[in-house]
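# A structural walkthrough
If you want the building blocks of each chain, they are given just below.
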Amino acid sequence: MNIIFLDWPCFCREDTVTALKSLGHYVFFYFHPAYDSRKSSEFDTDFDKFCSSGNFDIVFSYNFYPLVSEGSKRNNLKYISIVYDSPHVSLYSYTIVYPCNYVFLFDYAQYEELSSMGITTVHYFPLAGSADRIQMLLS
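In this report, the structure presented in the accompanying data block is examined. This structure is a prediction, so every number in the text was calculated from the model and none was measured. (Residues numbered from 1 in each chain as written. Predicted model: local features only at pLDDT ≥ 70, side-chain atom pairs only at ≥ 80, totals over all residues. Heavy atoms only, no water.)

### Some points on the packing of aromatic side chains
- For the coordinates displayed, the defined rule picks out 21 aromatic pairs.
- The interplanar angle of 80 degrees and the centroid separation of 6.0 Å between the aromatic rings of Trp-8 and Tyr-65 together place this pair among those described as edge-to-face. Of the two residues, Trp-8 sits in the loop between β1 (2-6) and α1 (13-22) while Tyr-65 sits in the loop between β3 (58-62) and α3 (66-74), which places them 57 residues apart along the sequence.
- Classification of Trp-8 by relative accessible area gives buried; the value is 11%.
- Residue Tyr-65 is classed as buried on the basis of its relative accessible area, which comes to 6%.
- Aromatic pair Phe-31 and Tyr-35: ring centres 5.9 Å apart, planes at 55 degrees, arrangement tilted.
- Since its relative accessible area comes to 11%, Tyr-35 is described here as buried.
- Put simply, the rings of Phe-5, Phe-11, Phe-29, Phe-60, Tyr-62 and Tyr-84 pair up and form one aromatic cluster. (Phe/Tyr/Trp six-rings, centres within 6.5 Å; stacked < 30°, edge-to-face > 60°. Helix = DSSP H or I, 4+ residues; strand = E, 2+ residues; numbered from the N terminus. Buried < 20%, exposed > 50% of the residue type's maximum accessible area, 1.4 Å probe, protein only.)

Below is the structure:
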């Protein structure tokens, strides 16, 4: 798969990119300074241009960003986000219900809250770690 990876200074970046590449996926980094804004026509234009520059399958980010969800919807791409902040206020955006979203939450209480509202795009997912990195630290 060709994966657009939202490139911001997040935890787990290197381990995730390494894992995705080891599984045979291609990772394309995308960054725009307004990625975490609620509205930005500059982001929208730049994101759409980036999406049209390749044959991408999904968009991936740590934490959920409404602008990325909007852009994924516009470009017919699935948007996978793993949320490790809690509470994560951006989840309370109308964009959370877009069917392109696959939002994974480690906070079970927040997952239950959103799921109980009928939001089917959220899923419970415990935080993961790199087995290779843990083994290296134990050696």
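### Quick word on the environment of Tyr-98
- With respect to the helices and strands, the residue Tyr-98 is situated in the loop between β4 (78-83) and β5 (101-105).
- A residue is classified by how much of its surface remains accessible, and Tyr-98, at 11% relative accessible area, is buried.
- If we skip the residues at most four places from it in the chain, Tyr-98 touches Ser-69, Glu-70, Lys-73 and Thr-121. (Contact = heavy atoms within 4.5 Å.)

### Regarding the sheet that holds β4
- Pairing in this open sheet of six strands is parallel, and the strands run β2-β1-β3-β4-β5-β6 from one edge to the other. Strands with a single pairing partner mark the edges of an open sheet, and in this sheet they are β2 (26-30) and β6 (122-124). Recorded for the sheet is a direction-independent mean angle of 25 degrees between the axes of neighbouring strands.
- As paired elements, β3 and β4 share five bridges and run parallel to each other. Counterpart to Val-59 in the pairing with β4 is Tyr-79. (Pairing = 2+ DSSP bridges. Axes fitted to C-alpha atoms, helices over the stretch in contact; angles between N-to-C directions.)

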